[in-house]
Amino acid sequence: MFFLQYWQSGVDNEVEGLYMDVRNCKKCGRMFNYVTGPVVCPNCKDSLEEKFQEVKKYVSEHQGCGIREVSEECDVSTQQIKQWLREERLEFSSDSQIALNCESCGAPIRSGRFCDKCKTSMTQNLQSAYKKAAVLTQKPKESTKDNPKMHFLDR
């Protein structure tokens, strides 16, 4: 991983730094300015999106097909198809014999990483943890009996 540093001089001759995160593409090896997401250059990202659209079209035309069939017909790796399923960009049909497994409980799911039951459970756990943290961070109100303050009377 390389970090390039570009310097721009300001009006007051102060030096301001602008940093770029330059990385090598995992697909083609070219260097590019990485911002977020997968470490893939814009050209490879565009070609991957074209492959996704091709797979999406094939799956809609050939309902009930398996991952291997789609992989062979569209020239896409089975790992890439599974990644699109995990990202919920693709989904198995309800009558499909093929399914993914929930990463938490192992239940069969059509797409994504977790089943609805585990998603609900995680959401509730996160909300209750957030509420507990909010209660702990609140300052207790000071009573006036323990901390008397001075008052002025207008006469």
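Worth saying up front: this structure is predicted, and the values here are computed from it rather than measured.

Calculation criteria
- Residues numbered from 1 in each chain as written.
- Predicted model: local features only at pLDDT ≥ 70, side-chain atom pairs only at ≥ 80, totals over all residues.
- Heavy atoms only, no water.
- Helix = DSSP H or I, 4+ residues; strand = E, 2+ residues; numbered from the N terminus.
- Buried < 20%, exposed > 50% of the residue type's maximum accessible area, 1.4 Å probe, protein only.
- Contact = heavy atoms within 4.5 Å.
- Areas by Shrake-Rupley, 256 points an atom, 1.4 Å probe, with all protein chains shown as cover.
- Core = buried A, V, L, I, M, F, W, Y, C linked by side-chain atoms within 4.5 Å.
- Disulfide = S-S within 2.5 Å.
- Arc of directions from axis to C-beta.
- Salt bridge = Lys/Arg side-chain N within 4 Å of Asp/Glu carboxyl O.

A. Fine view of the overall build of the protein chain. Looking only at helices and strands, one finds four helices and five strands in the protein chain. Across the protein chain, helices and strands are ordered from the amino to the carboxyl terminus as β-β-β-α-α-α-β-β-α. Across the 155 residues that make up the protein chain, the buried fraction comes to 22%. Contacts in the protein chain between residues far apart in sequence, at least 24 positions, make up 16% of those at least 6 positions apart. For the protein chain, the accessible surface area stands at approximately 13,000 Å², while carbon and sulfur atoms represent 50% of it.

B. Geometry of the nonpolar core. Counting residues in hydrophobic clusters, the biggest one holds 19 residues, and the most contacted among them are Val 55, Val 70, Ile 81, Leu 85 and Leu 90. Those elements giving two or more residues to this core turn out to be helix 1 (42-61), helix 2 (67-74) and helix 3 (78-86). Excluding anything up to four places from it in sequence, Leu 85 contacts Ile 67, Leu 90, Glu 91, Phe 92, Leu 100, Arg 110, Ser 111 and Gly 112. With seven residues, the next largest nonpolar core counts Cys 25, Val 39, Val 40 and Cys 44 among its residues.

C. Layout of the state of the cysteines. Overall, the coordinates contain zero disulfides when judged by the stated rule. Free of any disulfide, Cys 115 has its nearest cysteine sulfur in Cys 118, 3.5 Å distant.

D. Helix 2, seen in detail. Along helix 2, the positions that sit buried rather than exposed are Ile 67, Val 70, Ser 71 and Cys 74. Angularly, the buried residues of helix 2 cover 100° about the axis, an arc narrow enough to put them on a single face. For helix 2, the exposed residues lying more than 90 degrees away from the buried face are Arg 68, Glu 72 and Glu 73.

E. Structural view of the pattern of salt bridges. Under the defined criterion, the tally for this structure stands at six salt bridges. Notably, a salt bridge pairs Arg 89 with Glu 49, separated by 2.7 Å at the nearest N-O pair. With Arg 89 in the loop between helix 3 and strand 4 (100-101) and Glu 49 in helix 1, the pair connects residues that are 40 residues apart, well separated along the chain. Between Arg 113 and Glu 103 there is a salt bridge, with its nearest N and O atoms 2.9 Å apart. A residue pair is termed long-range when its members are at least 10 positions apart, and Arg 113 in the loop between strand 5 (108-109) and helix 4 (116-137) and Glu 103 in the loop between strand 4 and strand 5 qualify at 10 residues. A residue is classified by how much of its surface remains accessible, and Arg 113, at 42% relative accessible area, is partly exposed. By relative accessible area, which is 42% here, Glu 103 ends up partly exposed.

Any functional reading would require information that these geometric values do not contain.
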